[in-house]
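# Examining the three-dimensional arrangement
Given next are the chains, with one letter for each unit.
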Amino acid sequence: MKARLCVVAGILAIATGAAADPLEVTDAWVRQPPPGANAAAYLTLVNPGATTQRLVAASSDACERVEMHRSVVENGVARMRALQAIEVPAGQSVVLAPRGLHLMLIAPKPLQEGDRVVLRLALDGGETLAVDAPVRAGTPHGGHAKGHH
Amino acid sequence: MTPSPTGAAGPPSPGPDRTVLGVLALLAGAVVVFGVVLARVAPPTPPDLGDEVTVFPVPQPLPEFSLTDHRATRFDRTRVEGRWSLLFFGYTYCPDVCPFTLQNLAHVQRLLSARADPSPAAPQVVFVSVDPERDTTERLREYVGFFDPAFVGVTGEAEEIDRLTRGVGAFFEKEEAEANAGYLVNHSALLFLLDPQARLRAVLDDPHDPEEFVRLLAAVQSLGVDS
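If you're wondering where the values come from, they're calculated on a predicted model, not measured in any experiment. (Residues numbered from 1 in each chain as written. Chains lettered and ligands numbered in written order. Predicted model: local features only at pLDDT ≥ 70, side-chain atom pairs only at ≥ 80, totals over all residues. Heavy atoms only, no water.)

Turning to the side chain of Gln 53 of chain A, a few remarks are in order. Relative to the helices and strands, Gln 53 of chain A is located in strand E3 (residues 53-60). Those residues in contact with Gln 53 of chain A, other than ones at most four positions away along the chain, are Pro 22, Leu 23, Asn 47, Ile 86, Glu 87, Val 88, Leu 123 and Asp 124 of chain A. (Helix = DSSP H or I, 4+ residues; strand = E, 2+ residues; numbered from the N terminus. Contact = heavy atoms within 4.5 Å.)

Rendered as structure tokens:
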């Protein structure tokens, strides 16, 4: 898929640790789910360090549970796989974007455009990052909202 | 798909005799004649629409089926007669590919309704659930309406859904779920375009570029049909 994820204004990625976070999180957002349906969260994980980092779990108060998934569309068929971990090699970044890697927010509470969801990302080293992700109504196409500020 | 006549053109052997030359000439003639006949009989080659769409030169009639729409009204073949329709197969539990596609389809519909020239007519968008266990009529009502109030959501007996998916060549399979986890369903991510005679006319990639999709759609709808 073409890299359509462009820089979105007004993204906040707040890590709980201060100086040396093992992973930096940018461009986080949650797709506003239809009533009663599951939501997906997208973000970019940047590893500025010298060792591989692994995201091993995620959670949020905004939903019952969070699973890590990868969608693959191949030969016209969409498949989704649950992942045990998302690995970010040293010095690299991994993009979670529509039709690819994503966090699946299962049974979310009602979410409106403009709401903010706090995602807690657990790394295999024991650290937890808190990420503040705005809820967006839509992506006309690709991974970005239309109205840039 | 146009079969390309393959000429048996090996390097000429030294000193071919007259018989061989004669046979070659006959073959060449046959190829030309075959080509002319083919050009007359075969449907006109569709213009090159790229690899994001497969057009059926001879549209495929849909089988009979009986499902229920999001308003609890019967949805059968008559509901796709007299108008163009785009079928998308998915399930409401899906958080990524299905909302992404439906959102883009809603964008396509907005582009279509904003056209100065409203022809060819905008197709009705039909979301067919491949997860009838979880996708009830009520659930679909909330779901499709969220994307576009004009979208039609369809569910029903698994057997009847099978009939429709087989009829257009769509694919789906339920995945085994782990304990305490909701199961997932693998499904076609393509869009199936039906003509107003309820026949499968083309299969299109999902509209990740709505402007391009609108262009492709109009091109397919304007193609002649070889009946």
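Next comes the rest of the description.
The next thing to look at is the interface of chain B and chain A. Facing 34 residues of chain B, the contacting portion of chain A comprises 37 residues. A per-residue breakdown of the area chain B buries against chain A is headed by Pro 95, Asp 96 and Phe 100 of chain B, which together make up 23% of the total. Inspection of the region where chain B meets chain A yields three salt bridges. Arg 99 of chain A is paired through a salt bridge with Asp 206 of chain B; the nearest N and O atoms lie 2.5 Å apart. Summed over the shared surface of chain B and chain A, the number is twelve residue pairs in polar contact (both at pLDDT 80 or more). In terms of residues, the side of chain B that touches chain A owes the most to one element, helix H2 (residues 97-113) of chain B, which gives six residues. Residue classes in the side of chain B that touches chain A are distributed as 16 nonpolar, ten polar and eight charged. Where strand E5 (residues 77-83) of chain A meets strand E8 (residues 185-188) of chain B, two bridges bridge the pair, whose relative direction is antiparallel. Across the sheet, residue Val 77 of chain A finds its bridge partner in E8 of chain B, namely Ser 188 of chain B. (Buried area = accessible area lost by both parts, 1.4 Å probe. Salt bridge = Lys/Arg side-chain N within 4 Å of Asp/Glu carboxyl O. Polar contact = N/O pair within 3.5 Å; in protein donor to acceptor, adjacent residues only side chain to side chain. Nonpolar A, V, L, I, M, F, W, Y, C, P; charged D, E, K, R; others polar. Pairing = 2+ DSSP bridges.)

Time to look at the packing of aromatic side chains. Residues and elements named next belong to chain B. Within this structure, the stated rule accounts for seven aromatic pairs over all chains. Consider the rings of Phe 146 and Phe 147, whose centres lie 5.1 Å apart with planes at 90 degrees: the pair is edge-to-face. Among the residues examined, Phe 146 registers a relative accessible area of 26% and is labelled partly exposed. For Phe 147, a relative accessible area of 10% gives the class buried. In textbook terms, an aromatic cluster arises when at least three aromatic residues are bridged by ring pairs, as seen for Phe 88, Phe 127, Tyr 143, Phe 146 and Phe 147. The residue whose ring lies beneath Arg 134 is Tyr 93, and the NZ or CZ to ring-centre distance is 4.1 Å. Over the face of the ring belonging to Tyr 183 we find Lys 174, whose NZ or CZ atom lies 4.2 Å from the ring centre. (Phe/Tyr/Trp six-rings, centres within 6.5 Å; stacked < 30°, edge-to-face > 60°. Buried < 20%, exposed > 50% of the residue type's maximum accessible area, 1.4 Å probe, protein only. Lys NZ or Arg CZ within 6 Å of the ring centre and 35° of its normal.)

This brings us to helix H5 (residues 210-222) of chain B. All names here are of chain B. A rise of 1.5 Å per residue sets the reference length of H5, with its 13 residues, at 18 Å; its end C-alpha atoms lie 18 Å apart and thus fit the reference within 8%. For H5, every residue scored as buried is listed here: Pro 210, Phe 213, Val 214, Leu 216, Leu 217, Val 220 and Gln 221. Viewed along the axis of H5, the buried residues span an arc of 165 degrees, placing them on a single side of the element. Close packing links the buried residues of H5 with strand E1 (53-61), strand E4 (85-90), H2, strand E9 (191-194) and strand E10 (199-204). (Expected span 1.5 Å × (residues − 1). Arc of directions from axis to C-beta.)

Moving on, we come to the packing of H2 of chain B against H5 of chain B. Residues and elements named next belong to chain B. Interhelical geometry of H2 versus H5 gives an angle of 65 degrees and a closest axis separation of 9 Å. Considering the relative orientation of H2 and H5, their crossing is right-handed. The segment H2 lies against H5, with Asn 104, Leu 105, His 107, Val 108, Leu 111 and Leu 112 engaging Pro 210, Glu 211, Phe 213, Val 214 and Leu 217. A per-class count over the contact of H2 with H5 returns eight nonpolar, two polar and one charged. (Axes fitted to C-alpha atoms, helices over the stretch in contact; angles between N-to-C directions. Left-handed = near helix turned anticlockwise from the far one by under 90°.)

So, about a nonpolar patch on the surface. Taken together, the side chains of Val 20, Leu 21, Val 23, Leu 24 and Leu 27 of chain B make up a nonpolar region of the molecular surface, amounting to roughly 410 Å² of accessible area. Note on placement: Leu 21 of chain B falls in helix H1 (residues 18-41). (Patch = residues over 30% accessible without salt bridge, like charges linked within 9 Å, V, L, I, M, F, W, Y side chains within 5 Å. Areas by Shrake-Rupley, 256 points an atom, 1.4 Å probe, with all protein chains shown as cover.)

Quick look at the side chain of His 102 of chain A now. With respect to the helices, strands and loops of the structure, His 102 of chain A is situated in strand E8 (residues 101-108). For His 102 of chain A, a relative accessible area of 0% translates into the label buried. A polar atom in the side chain of His 102 of chain A sits 2.9 Å from the backbone oxygen of Gly 100 of chain A. The contacts of His 102 of chain A, once residues within four sequence positions are left out, are Ala 40, Ala 41, Tyr 42, Glu 67, Met 68, His 69, Arg 70, Ser 71, Met 80 and Leu 96 of chain A together with Pro 95 and Asp 96 of chain B.

Residue and element names in this part refer to chain B. When pLDDT is averaged across chain B, the result is 86; 84% of the residues are at 70 or more. Counting contacts from residues 1-13, a segment whose pLDDT is below 50, to residues more than four positions away or on other chains yields three contacts. This complex was scored by the predictor with a pTM of 0.79 and an ipTM of 0.79. (pLDDT = per-residue confidence, 0-100.)

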